[in-house]
Amino acid sequence: MAKRIAFLESKGLTQAEISEAVARTTTTVAGTLSNDSGAIVGGASVAPLPPAPDYRVGYAPAPPQRDWRDYTLALIGAIGFGVGAFHLFQVISSCFDQQTVDSCRKHGQNYVLPNLSWPESAEQKQDRERLESQISSISTALEQATKSIQDQTEKLQQVMDSNTQEQEKNAQEVRFVRDELEGLKQNLP
């Protein structure tokens, strides 16, 4: 506190201004700032500071704001759950109306078990064969594409090699003609 007062004195504030600044920075018993009213400093009014946030342990954060989208999703979920529960109630009540355990077992075997069972082995085998045939056709197409690309690469390499040989041959012919011209120039008087 003494450092703050010394700092304010070094800035040229009067004793009244220093005491007002100290009074504004002292905290109340609750731990909030005692800046309840706006002050006028240098002709401009300063708004009071908001209270400091309370970071005590045990307080839950404020719940998020809800809007129409949240309520719409909740309504759709509730309707879906309600329809499913209604249908399940109809199935169960039809079993109890008949008053026989055999009819409930039959209804469960005809309605519930097919929806919960794994696919039969014939279906799995057909799916596996279909996937294998698709994979083999894709791999065959990839092999053909790879072979075609390799063939084209080899042809391109051959063309580039022959082009390089032609350029070397032309360069040799140009050197030979130049040497002959130089020889003719030297032989001419």
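What you see as residue numbers is a count from 1 along each chain, following the sequence as written. The predicted nature of this model means local features are confined to residues of pLDDT at least 70 and side-chain atom pairs, given and counted, to a pLDDT of 80 or more, with totals for whole chains, interfaces and linings taken over all residues. In computing side-chain values, all of the structure's heavy atoms are included and hydrogens and water are not.

Trainee: Looking at this model, I keep getting lost on the overall build of the protein. Mind explaining?
Mentor: Elements are defined by DSSP. Helices are runs of H or I of four residues or more, strands are runs of E of two residues or more, and each kind is numbered from the N terminus. When helices and strands are counted, the protein shows 5 helices and 2 strands. Along the protein, helices and strands appear, N-terminal first, in the series α-α-β-β-α-α-α. Exposure is judged per residue with a 1.4 Å probe applied to protein chains only, and the accessible area is read against the type maximum: over 50% gives exposed, under 20% gives buried, and values in between give partly exposed. Each of the 189 residues in the protein was classed as buried or not, and the buried ones make up 4%. Excluding contacts between residues fewer than 6 apart, the proportion of contacts in the protein whose partners are at least 24 apart in sequence is 3%. Using a 1.4 Å probe, accessible areas were evaluated by the Shrake-Rupley method; residue-level cover was limited to the displayed protein chains. Carbon and sulfur atoms make up 60% of the accessible area of the protein, which amounts to about 17,100 Å² in all. Note on contacts: a residue pair is in contact if any heavy atoms of the two residues lie within 4.5 Å.

Trainee: Any chance you could explain the pattern of salt bridges here in plain terms?
Mentor: Pairing between side chains of opposite charge can happen when their charged atoms approach one another. Salt bridges are counted wherever a side-chain nitrogen of Lys or Arg sits within 4 Å of a carboxyl oxygen of Asp or Glu. For the structure on display, the rule yields 2 salt bridges. Among the ionic pairs, D67 bridges to R69, the shortest N-O distance being 2.6 Å. Under the relative-accessibility criterion, D67 is labelled partly exposed at 25%. Linking D127 and R130 is a salt bridge whose minimum nitrogen-to-oxygen distance equals 3.2 Å. Taken together, the residues span about one helical turn, with D127 and R130 both in helix α5 (residues 121-187) at a distance of 3 residues.

Trainee: What is the right way to look at the UniProt feature "domain: Peroxisome membrane anchor protein Pex14p N-terminal" (unreviewed entry) in the protein in this model?
Mentor: In the numbering used here, UniProt assigns the feature "domain: Peroxisome membrane anchor protein Pex14p N-terminal" (unreviewed entry) to residues 2-23. Structurally, residues 2-23 comprises 82% helix and 0% strand, and the distance from its first C-alpha atom to its last is 14 Å. UniProt positions are given in the numbering used here, feature names are shortened, and annotations may be inferred rather than shown by experiment.

Trainee: Explain the confidence of the model for the protein here, please?
Mentor: Regions with low pLDDT carry predicted coordinates that are not meant to be interpreted in detail. Across the chain, each position has a pLDDT score giving the predictor's confidence in that residue, from 0 to 100. When pLDDT is averaged across the protein, the result is 79; 69% of the residues are at 70 or more. Per-element confidence in the protein ranges from a low mean pLDDT of 49 for strand β1 (residues 39-41) to a high of 92 for α5. Predicted confidence for residues 27-39 stays below pLDDT 50, and this span has 20 contacts to residues more than four positions away or in other chains.

Trainee: Help me understand the packing of helix α1 (residues 2-10) against helix α2 (residues 15-25), please; the structure alone is not making it clear to me.
Mentor: The angle between the axes and the distance between the axes are what describe a pair of packed helices. Running from amino to carboxyl end, α1 crosses α2 at an angle of 140°, the nearest separation of the two axes being 10 Å. Judged on the interaxial angle alone, α2 and α1 are oblique. Classified by chirality, the crossing of α2 by α1 is right-handed. Each of I5, L8 and E9 in α1 lies in contact with α2, whose residues at this interface are Q15, I18, A21 and V22. Residues are grouped as follows: nonpolar covers Ala, Val, Leu, Ile, Met, Phe, Trp, Tyr, Cys and Pro; charged covers Asp, Glu, Lys and Arg; every other residue, Gly included, is treated as polar. Its residues assigned to classes, the contact of α1 with α2 shows 5 nonpolar, 1 polar and 1 charged. Here an angle of 0 to 180 degrees is reported between the N-to-C directions of two axes, which are lines fitted to C-alpha atoms, with helices fitted over the stretch in contact. Oblique is the label for any angle not covered by the other classes, which are roughly parallel (under 35 degrees), roughly antiparallel (over 145) and roughly perpendicular (65 to 115). Two helices that cross are described as forming a left-handed crossing if the nearer one is turned anticlockwise from the farther one by less than a right angle, and a right-handed crossing if clockwise.

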